[in-house]
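What the coordinates show
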Amino acid sequence: KPKALKEKSIYSCRRELWAMCRPSNFGGVLIFHILGTFLGLRANNNFLAGAAAAPAMEKPIALLVQTLVKPSMMTVLSSIMLISSTSMMVNDYYDSRRVTTSASSNLSDPIVSGEVPLVVVK
């Protein structure tokens, strides 16, 4: 193996590994989490029961925010973010191992271009 690959580590490849996690997807994950929480509250009638005593949307929004900032919901959000980001990395890893047509044609992929060795991703 070339000496450059032996010197690669998780720390030295941190920028490439972060890019492989697709942080641009985090906004969508957050929106789906908020939407799921909203639909869950509404389905349990907690949302509608809170709305009956309050004007317009003031109380339901407050209930939604109170629910979202609970430690249990923050744990769920953290788990969803972790699963979302690591699944992207695992997908890139297996695509590059199989050398699929799409992976081999995507030279911007850090694994395909050789910026991040498979050992570091693994």
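Keep in mind the model is a prediction, meaning the values are calculated, not measured.

Once that is clear, we can look at the overall build of the chain. Across its full length, the chain holds 8 helices and 0 strands. Sequence-ordered secondary structure for the chain, helices as α and strands as β, is α-α-α-α-α-α-α-α. Residue burial in the chain is summarised as follows: out of 122 residues, 28% are buried. The contacts of the chain with a sequence gap of at least 6 include a subset with a gap of at least 24, amounting to 65%. For the chain, the accessible surface area stands at approximately 8,300 Å², while carbon and sulfur atoms represent 64% of it.

With 73% of its residues at a pLDDT of 70 or more, the chain shows a mean pLDDT of 79. Across the chain, the secondary-structure element scoring lowest on mean pLDDT is helix H7 (residues 101–105), at 53, and the one scoring highest is helix H3 (residues 26–43), at 92.

The next point concerns the packing of aromatic side chains. One pass over the full model with this rule turns up 2 aromatic pairs. When the centroid spacing of 5.9 Å and the interplanar angle of 70 degrees are considered together, the rings of tryptophan 18 and phenylalanine 26 count as edge-to-face. With relative accessibility at 18%, the residue phenylalanine 26 sits in the buried group. With a centroid separation of 5.0 Å and 85 degrees between ring planes, the pair formed by tyrosine 93 and tyrosine 94 is classed as edge-to-face. Accessibility expressed as a relative area gives 41% for tyrosine 94, which makes it partly exposed. Against the face of tyrosine 11 rests arginine 14, its NZ or CZ located 4.1 Å from the ring centre.

This paragraph deals with helix H6 (residues 71–98). With 28 residues, H6 ought to run about 40 Å at 1.5 Å a step, and its terminal C-alpha atoms sit 40 Å apart, in line with that. When we look at burial in H6, the residues that qualify are Met73, Leu77, Met81, Ser84, Ser85, Met89, Asp92, Tyr93, Asp95 and Ser96.

To continue, consider a nonpolar patch on the surface. Taken together, the side chains of Ile61, Val65, Val69 and Met74 make up a nonpolar region of the molecular surface, amounting to roughly 340 Å² of accessible area. Tracing the sequence through the fold places valine 69 in the loop between helix H5 (58–68) and H6.

With that settled, consider the environment of proline 60. If you trace the backbone, proline 60 turns up in helix H5. Its relative accessible area of 1% is what places proline 60 among the buried residues.

Among the structural elements, serine 85 can be located in helix H6. Looking at serine 85, the relative accessible area reads 7%, which means it is buried. Separated by 3.2 Å, the side chain of serine 85 and the backbone oxygen of leucine 82 make a polar contact. Leave out the neighbours within four places in its chain, and serine 85 touches Cys21 and Phe26.

The rules we used
Residues numbered from 1 in each chain as written. Predicted model: local features only at pLDDT ≥ 70, side-chain atom pairs only at ≥ 80, totals over all residues. Heavy atoms only, no water. Helix = DSSP H or I, 4+ residues; strand = E, 2+ residues; numbered from the N terminus. Buried < 20%, exposed > 50% of the residue type's maximum accessible area, 1.4 Å probe, protein only. Contact = heavy atoms within 4.5 Å. Areas by Shrake-Rupley, 256 points an atom, 1.4 Å probe, with all protein chains shown as cover. pLDDT = per-residue confidence, 0-100. Phe/Tyr/Trp six-rings, centres within 6.5 Å; stacked < 30°, edge-to-face > 60°. Lys NZ or Arg CZ within 6 Å of the ring centre and 35° of its normal. Expected span 1.5 Å × (residues − 1). Patch = residues over 30% accessible without salt bridge, like charges linked within 9 Å, V, L, I, M, F, W, Y side chains within 5 Å. Salt bridge = Lys/Arg side-chain N within 4 Å of Asp/Glu carboxyl O. Polar contact = N/O pair within 3.5 Å; in protein donor to acceptor, adjacent residues only side chain to side chain.

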